[in-house]
Each structure stands twice: as C-alpha cells, then as structure tokens.
Amino acid sequence: MKPIFKWTALALAACLPLSAHAHRVWMLPSATVLSGEDPWITVDAAVSNNLFYFDHFPLQLEGIGKPQLPPSAPAPQSGPDGKPAAQAGQPGGPGAPGGQPPMRRPPNKLLVLAPDGSEVKPENGNRGRYRSTFDVHLTQKGTYKLAVANSGLMASWKENGQPRRWMGKAEDLDKDVPAKAEDLKVVQTSNRMEVFVTSGKPTDTVLKPTNQGLELVPVTHPNDLVAGEAAEFGFLLDGKPAKDLEITLIPGGNRYRDETGEIKAKTDAQGKVSITWPSAGMYWLEAELSSTEGVAKPVTERRAVYSATLEVLTP
Amino acid sequence: MRKRLLLPLCSLLAAPAFAAELQIGVEIPRLEVAEYHRPYVAIWLEKPDQQHVADLAVWYDLKMKDKEGEKWLKDLRQWWRRSGRGLELPVDGVSGATRAVGTHNLTFGGDSAQLKNLPAGEYSLVVEAAREVGGRELLRVPFAWPPRQAEQHQAQGKSELGTVTLQLKP
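Described below are features of the structure shown in this document. (Residues numbered from 1 in each chain as written. Chains lettered and ligands numbered in written order. Predicted model: local features only at pLDDT ≥ 70, side-chain atom pairs only at ≥ 80, totals over all residues. Heavy atoms only, no water.)

### Notes on the overall build of chain B
For step 1, the next point in the chain: Secondary structure summary: chain B contains 2 helices and 9 strands in total.
For step 2, the next point in the chain: Put simply, chain B runs from its N terminus to its C terminus through helices and strands in the order α-β-β-β-α-β-β-β-β-β-β.
For step 3, the next point in the chain: Considering only C-alpha atoms, chain B reaches an extent of 70 × 30 × 30 Å along its principal axes.
For step 4, the next point in the chain: Within the span of chain B, comprising 170 residues, buried residues form 42% of the whole. (Helix = DSSP H or I, 4+ residues; strand = E, 2+ residues; numbered from the N terminus. Buried < 20%, exposed > 50% of the residue type's maximum accessible area, 1.4 Å probe, protein only.)

Pasting the structure below:
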C-alpha cells in the first residue's frame with residue numbers, strides 16, 4: 001500500500017469508524033462474565049475485515065494512546081476502495097484544490113458506564129499499529145457498558161462538476177455548505193457501538209436507552225447468553241420501536257472457516273427479535289437502517305448503525 | 001383407640017421429610033497431569049427445568065488473600081449463572097476448601113437448612129467441577145423428594161469427576 005493510501009485509510013478509519021461500509025469496527029473484551037472481588041477487563045478496539053483479528057487499523061479513541069497524525073501530504077482524491085475519500089472538515093479543505101491536509105474529526109469518545117450509571121475512566125490506554133487497548137477496573141458489582149457513539153451530518157454535492165463532501169455538526173451546515181449547491185444530499189448519521197460486561201449479578205441500569213439513534217434494548221440480558229438458548233432483543237430508533245430492522249450476527253473466528261457464518265434476523269412490529277445461538281463464542285452484531293421517512297429539511301436521508309460484541313457462553 | 005391411631009398417622013405425615021436423609025458421595029479422580037490443581041466443585045439441587053433450588057456445597061480456594069480465589073468461580077459456569085453470581089461469598093455451611101483426590105461424603109438431614117422447606121417433587125442433584133489448567137465437567141442425578149424407600153442413584157464422570165453417588169433414606 002502506498003503511504004498516501006495508508007494515511008487515507010487511516011483518516012477514513014478515524015473519521016468513519018462506525019460506518020457499516022468497507023470495514024468492521026469492533027471492541028473485544030477479555031471477558032464479559034466475571035467473578036471475584038477485584039476483577040479487571042482489558043479491551044481491544046480495532047477496524048478490520050475479519051472478526052476478531054486486529055490486522056488493519058486501531059480504532060482511534062479519545063484519551064486512549066497518542067493520536068496518530070498523518071504526515072503533511074497533499075489531500076488524497078480517493079480512498080483505498082477507489083471511492084472518493086469521505087472527509088470531515090470545512091470548505092476549502094478536503095477535496096478542494098490547493099492540497100490542504102485532510103480535515104479530521106476528533107477521535108471517537110469512549111464512554112464507560114458503571115452499574116450505578118456513573119462514568120468510569122479507562123486505564124492503561126495504548127494505541128498500537130493495529131489496535132487500541134485499554135483496561136477497565138470493575139470496582140462495582142453489576143453490569144458495565146462500554147459505548148462509542150457519535151452523530152452528525154454528512155453532505156455531498158457538486159461544485160464545478162467536482163464531487164464535494166462535508167461532515168460535521170448540524171449547526172455548522174449553513175456555514176460550511178452552500179445552500180443552493182448542485183445535487184445536494186444531506187445525510188443525518190448516528191452510530192453506536194457497545195460492549196457489556198458483568199461482575200457478579202447482572203443489573204439493568206446501564207441498559208436504559210438514550211433514545212437517540214439506533215439502540216439495543218435487551219430483553220434477555222446481554223451477559224446471560226448461552227448456546228442453544230434463545231435471546232430476545234429489542235431495537236429502538238430515537239426511542240421508538242425499530243420494526244423490520246435487519247440484524248446481522250457474525251461469529252468470531254472467521255479466519256478458520258470458509259463461510260462468514262452470519263445469522264440474519266428481522267425485528268417484528270414491536271422492534272423485537274429472537275435469536276437462538278448455534279454455538280458459544282464472541283459474536284459481532286450489526287444493524288443498519290436507512291430511511292427518508294420523517295426527515296426534515298435540509299436532511300434528505302437518515303442513516304443509523306448499531307453494533308455490539310456479544311459473548312455467548314457454553315451451557 | 002382413636003388416639004392410638006392418630007399418633008402414628010401424624011408421624012407418617014410429618015416425619016418423613018425430617019427423618020429422611022440425603023447422602024452424597026463425590027469422587028475426585030486422580031489425574032496424571034504435569035500440573036495438577038484441586039478442582040473447584042459446586043454441588044446443588046435443581047428442578048427438572050434446571051431452576052436452582054438450593055446450594056449444598058461449593059469448594060474453592062477460600063484461603064487466598066483478598067478473596068483472590070473467587071476470581072475463578074465463574075468457571076463453574078452453570079453454578080455461577082444459576083446461583084453463584086447472586087451470592088455474597090463465603091456462604092456459611094456452603095463454602096468450603098477444595099478437596100483432595102478421593103471420595104468425599106456429605107450428608108444432609110431432612111431438617112437441614114437446604115432440605116427442611118423443600119416441597120415434595122422431582123429434583124436433580126448437580127455436581128459441577130472445573131480445574132485450573134484443566135477441564136470442566138457437570139453431572140446430574142435425578143431423584144424424587146421425599147424418598148419413600150431407601151434408594152441409591154449414581155452418575156459416572158469421564159474427566160474431572162469420578163463416580164457421584166446419591167443415597168436416599170426415608
């Protein structure tokens with residue numbers, strides 16, 4: 001890979017970490033069910049194709065390791081997929097003539113919630129070539145939630161026949177994107193990635209939804225999943241049942257098999273779905289939703305992604 | 001005459017559960033392995049639908065400082081899910097140290113804390129063993145409580161457990 005492509009991919013990984021396209025973004029906890037008085041977990045966070053192998057890029061998380069800044073290279077015109085690179089920033093930045101460095105969004109914010117709902121600071125953060133790692137000291141009994149969530153707007157339009165892109169907050173749209181732009185498309189995005197970990201008895205406090213974006217509302221506790229048993233999950237979009245939502249589950253370890261082994265399921269009218277686990281192991285759950293329903297100008301489309309790493313235990 | 005009839009009748013109705021006895025034998029097999037640690041073992045009663053009823057014993061490293069030994073209780077994963085994770089350890093009369101190779105006998109009278117309020121019905125004795133750098137095994141022995149006659153049941157382990165016996169006395 002040419003260095004410029006490498007840095008483009010890295011910028012992509014930094015900017016679009018929770019997008020369902022191209023690569024998978026995940027966190028992998030060392031354990032999800034723990035006993036004892038003083039348990040810790042360590043977590044890997046990465047962007048890769050295969051689950052759960054860190055072989056592509058680390059997931060950039062705010063406060064975890066040193067941020068990796070690209071060298072001062074001209075702004076690339078396309079990403080490694082050959083598609084135009086999606087870039088964050090202001091006008092005159094990415095994709096614009098003049099070769100300014102690519103604009104980057106701040107790294108994703110990791111939120112670790114303790115069983116009582118308070119925020120916990122991750123420890124021993126480090127960012128390596130292929131993965132970010134951090135530890136969480138589980139000082140309380142009950143269920144913890146690790147979440148990386150973000151939301152914003154993504155605009156694309158044409159200027160002098162050239163494709164332009166912009167990512168940012170709703171309040172900056174007017175300032176940064178010409179209102180009368182040709183072929184203007186504005187996508188409202190929300191992404192959420194979660195991991196659940198329980199010390200002692202499972203609790204429900206951290207499972208309460210924020211009612212923003214696409215979210216999992218477990219009926220079966222996410223740390224009480226056992227091979228051969230059925231688990232029931234509910235999904236919400238902005239707090240309302242997300243019906244007819246397609247859920248994909250991919251078991252880890254796909255380096256050692258030919259098939260992805262994915263399980264697909266769809267939510268019912270109440271936004272609920274039941275999954276019977278065929279085997280024990282770590283699973284990557286993903287649900288993606290795209291809709292033009294109920295969107296308000298200037299937004300033309302709504303996209304929401306939810307993903308989680310779930311551990312299914314042997315009976 | 002009436003009194004003489006009633007008395008034995010009463011004792012028939014009330015006595016069985018209290019006089020009954022449940023004797024358990026758990027064999028921890030000798031294993032030819034380079035690194036041997038005594039297994040963690042949990043012994044409990046459950047209903048036929050696997051609903052947990054009562055803990056009879058859990059053997060683990062309870063002498064380690066700072067309760068370090070509790071870190072591996074989750075490896076008794078059925079017991080941890082059904083009961084352990086909700087307990088404040090150690091539990092009096094249930095928690096005990098790990099046991100050496102050999103057969104260990106436990107006796108529970110009908111008046112014991114675990115059995116005295118046990119409704120009549122079908123149950124299983126469950127024995128789960130997990131060993132550091134070793135494997136895990138779980139055995140179930142179904143029985144009916146209270147016993148009407150002396151009975152003996154058993155189950156044979158293949159790896160982490162030897163023979164598990166259950167003797168019931170009315």
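### Some remarks on the overall build of chain A
For step 1, the next point in the chain: Within chain A one finds 2 helices and 19 strands.
For step 2, the next point in the chain: Classification of the 315 residues of chain A by burial places 51% in the buried group.
For step 3, the next point in the chain: Relative to all contacts within chain A whose residues are 6 or more apart in sequence, the contacts with residues 24 or more apart total 69%. (Contact = heavy atoms within 4.5 Å.)

### Focus: unusual backbone geometry
For step 1, the next point in the chain: Here Leu-51 of chain A and Phe-52 of chain A are connected by a cis peptide whose omega angle stands at -5°.
For step 2, the next point in the chain: Considering the arrangement of structural elements, one finds Phe-52 of chain A in the loop between strand E3 (40-48) and strand E4 (57-58).
For step 3, the next point in the chain: The omega torsion across Leu-89 of chain B and Pro-90 of chain B is -5°, close enough to zero to call that bond cis.
For step 4, the next point in the chain: Backbone geometry at Asn-124 of chain A places phi at a positive 50°, although glycine is not the residue there.
For step 5, the next point in the chain: Secondary-structure assignment places Asn-124 of chain A in strand E7 (residues 123-127).

### With respect to the pattern of salt bridges
Residues and elements named next belong to chain A.
For step 1, the next point in the chain: Across all of its chains, the model carries 21 salt bridges over all chains by this definition.
For step 2, the next point in the chain: Of the charged contacts, one joins Asp-44 and Arg-131 as a salt bridge, the two residues approaching to 2.9 Å between their closest N and O atoms. Taken together, the positions of Asp-44 in strand E3 and Arg-131 in the loop between E7 and strand E8 (132-137) put the pair 87 residues apart, joining distant regions of the chain.
For step 3, the next point in the chain: What makes Asp-44 buried here is its relative accessible area of 14%.
For step 4, the next point in the chain: With its nearest N and O atoms 2.8 Å apart, the salt bridge here joins Glu-194 to Arg-192.
For step 5, the next point in the chain: Overall, the relative accessible area of 11% leaves Arg-192 in the buried class. (Salt bridge = Lys/Arg side-chain N within 4 Å of Asp/Glu carboxyl O.)

### Examining the environment of Ala-97 of chain B
All names here are of chain B.
For step 1, the next point in the chain: Inspection of the secondary structure assignment puts Ala-97 in the loop between strand E4 (95-96) and strand E5 (102-109).
For step 2, the next point in the chain: Spatially, the C-alpha atom of Ala-97 lies 25 Å from that of Lys-116, the residues being 19 residues apart in sequence.
For step 3, the next point in the chain: Residue contacts for Ala-97: discarding those within four places in its chain leaves Trp-59, Tyr-60 and Leu-62.

### A closer look at the environment of Asp-55 of chain B
All names here are of chain B.
For step 1, the next point in the chain: Residue placement: Asp-55 occurs in strand E3 (residues 52-59).
For step 2, the next point in the chain: Residue classification places Asp-55 among the buried residues on the basis of a relative accessible area of 9%.
For step 3, the next point in the chain: When the C-alpha atoms of Asp-55 and Ser-95 are compared, they prove to be 9.5 Å apart, with 40 residues separating the residues in sequence.
For step 4, the next point in the chain: What Asp-55 contacts, discounting residues up to four positions off in sequence, is Ile-43, Trp-44, Trp-79, Ser-83, Leu-87, Val-94 and Gln-114.

### Side note on the sheet that holds strand E9 (residues 163-169) of chain B
Residues and elements named next belong to chain B.
For step 1, the next point in the chain: The strand order E5-E1-E9-E8 describes an open sheet built from 4 strands, whose pairing is antiparallel. The open sheet has two edge strands, E5 and strand E8 (151-156), and neither has a second partner. Mean inter-strand twist for the sheet, computed between neighbouring axes without regard to direction, equals 15°.
For step 2, the next point in the chain: The pairing of strand E1 (residues 21-28) with E5 spans 8 bridges and is classified as antiparallel. Residue pairing in the sheet places Ile-28 in a bridge with Gly-102 of E5. (Pairing = 2+ DSSP bridges. Axes fitted to C-alpha atoms, helices over the stretch in contact; angles between N-to-C directions.)

### Things to note about the interface of chain B and chain A
For step 1, the next point in the chain: With 15 residues of chain B at the contact, the number on the chain A side is 14 residues.
For step 2, the next point in the chain: Summing the contributions of chain B and of chain A, the shared interface buries around 1200 Å²; its carbon and sulfur component is 47%.
For step 3, the next point in the chain: Contact with chain A buries area across many residues of chain B, yet Arg-77, Arg-81 and Arg-85 of chain B alone supply 48% of it, more than any other trio.
For step 4, the next point in the chain: Here chain B and chain A share 3 salt bridges between them. (Buried area = accessible area lost by both parts, 1.4 Å probe.)

### A look at the sheet that holds strand E6 (residues 121-130) of chain B
All names here are of chain B.
For step 1, the next point in the chain: Read from one edge of the open sheet, 5 strands run E4-E3-E2-E6-E7, paired in mixed fashion. Of all the strands in the sheet, the pair left with one neighbour each is E4 and strand E7 (136-145).
For step 2, the next point in the chain: Bridge count for strand E2 (residues 40-46) against E3 is 6 bridges, and the pairing is antiparallel. Bridge pairing in E3 links Val-41 to Trp-59.

### Brief notes about the side chain of Asn-254 of chain A
Residues and elements named next belong to chain A.
For step 1, the next point in the chain: Assignment of secondary structure puts Asn-254 in the loop between strand E15 (246-251) and strand E16 (263-266).
For step 2, the next point in the chain: For Asn-254, the side chain forms a polar contact with the main-chain nitrogen of Leu-51, separated by 3.1 Å.
For step 3, the next point in the chain: When residues no more than four places from it in sequence are discounted, the contact partners of Asn-254 are Arg-24, Asn-50, Leu-51 and Tyr-53. (Polar contact = N/O pair within 3.5 Å; in protein donor to acceptor, adjacent residues only side chain to side chain.)

### Concerning the pairing of E7 of chain A
Residues and elements named next belong to chain A.
For step 1, the next point in the chain: The pairing of E7 with E8 spans 3 bridges and is antiparallel. Pairing of Glu-123 across the sheet is with Asp-135, part of E8.
For step 2, the next point in the chain: Adjacent in sequence and paired antiparallel, E7 and E8 are bridged by 4 residues.

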